[in-house]
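The residues making up each chain are set out below.
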Amino acid sequence: MAQVKRPLSPHLQVYRWGWHMAASIINRATGAALAFGSILLTWWLVALATGHEYFDIVQGYAGSIVGRLVLLGLTFALMQHLAGGIRHLIMDMGKMYDLKANTASARLTFVFSIVMTVVIWVAAYKVLGVM
């Protein structure tokens, strides 16, 4: 009897790209980014505990243009991962499985993360007196 060669796992050649796929992939990527961010947070806390001289060096890196871009990206990653986690929690309760609701919730995670990132950064700059 001849064996039929079937794909092991259907992937992009079978499924049409959608917001739900993008949200799932971004959720995984933001989880990895947040792991990197936790290393930076640990570095910052160690510098804080070490003393003023070393803390000023770390703050210099964090306050640079590159440092601020990294922090902006980490803020977006945190908000996107939070929104994706809430979305999955709701889906774990058996909700939002129809395509329209699933697509809308996936889009909403992106809107939420962008809006909240802007709100957090504007609030931070206002507290610091930059704006």
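Residues numbered from 1 in each chain as written. Predicted model: local features only at pLDDT ≥ 70, side-chain atom pairs only at ≥ 80, totals over all residues. Heavy atoms only, no water.

**A closer look at the environment of Val 46**
Here is the rule: Helix numbering and strand numbering both begin at the N terminus, where a helix is a DSSP run of H or I of at least 4 residues and a strand a DSSP run of E of at least 2. Exposed residues in this analysis have more than 50% of their type's maximum accessible area, buried residues have under 20%, and partly exposed residues fall in between, with area computed by a 1.4 Å probe over protein chains only.
As for its placement among the helices and strands, Val 46 is situated in helix α1 (residues 19-50). For Val 46, a relative accessible area of 45% corresponds to the partly exposed category. Taking the C-alpha atoms as reference points, Val 46 and Val 58, twelve residues apart in sequence, are found 9.8 Å from one another.

**What about the packing of aromatic side chains?**
We count it as follows: The pairing test for Phe, Tyr and Trp rings, Trp by its six-membered ring, is centres within 6.5 Å, and the orientation test on the planes gives stacked under 30 degrees, edge-to-face over 60, and tilted for anything in between.
Scanning all chains against the criterion turns up four aromatic pairs. Where Trp 121 meets Tyr 125, the ring centres are 5.8 Å apart and the plane angle is 45°; that geometry is what we call tilted. Residue Trp 121 and its partner Tyr 125 are both found in helix α4 (residues 99-128); the two are separated by four residues, about one turn of the helix. Assigned by exposure class, Trp 121 and Tyr 125 land together as buried.

**Looking at the confidence of the model for the chain**
Let me state the cut-off plainly: Summary of the metric used: pLDDT quantifies the predictor's per-residue confidence within the range 0 to 100.
Taken over all residues, the pLDDT of the chain has a mean of 90, while the share at 70 or more is 91%. Of all the helices and strands in the chain, α1 carries the lowest mean pLDDT, 93, while helix α3 (residues 65-92) carries the highest, 95.

**Digging into the layout of surface pockets**
To keep it simple, the criterion reads: Points on a 1 Å grid, built from protein atoms alone, make a cavity when a 1.4 Å probe fits but cannot get out and make a pocket when they are open with protein on both sides within 12 Å along at least 5 of 7 lines; residues with an atom within 4 Å of a point are the lining residues. Grid points are joined across faces, edges and corners, and a volume is the space filled by probe spheres set on the points. Classes in brief: Ala, Val, Leu, Ile, Met, Phe, Trp, Tyr, Cys and Pro nonpolar; Asp, Glu, Lys and Arg charged; the others, Gly included, polar.
Size it by volume and the largest pocket reaches roughly 660 Å³. Every residue lining the largest pocket is counted, 21 residues in all, and those nearest its centre are Leu 40, Ala 62, Gly 67, Leu 71 and Leu 74. Looking at the lining of the largest pocket, the element that brings in the most residues is α3, giving eight residues. Residue composition of the lining of the largest pocket, by class: 15 nonpolar, five polar and one charged.

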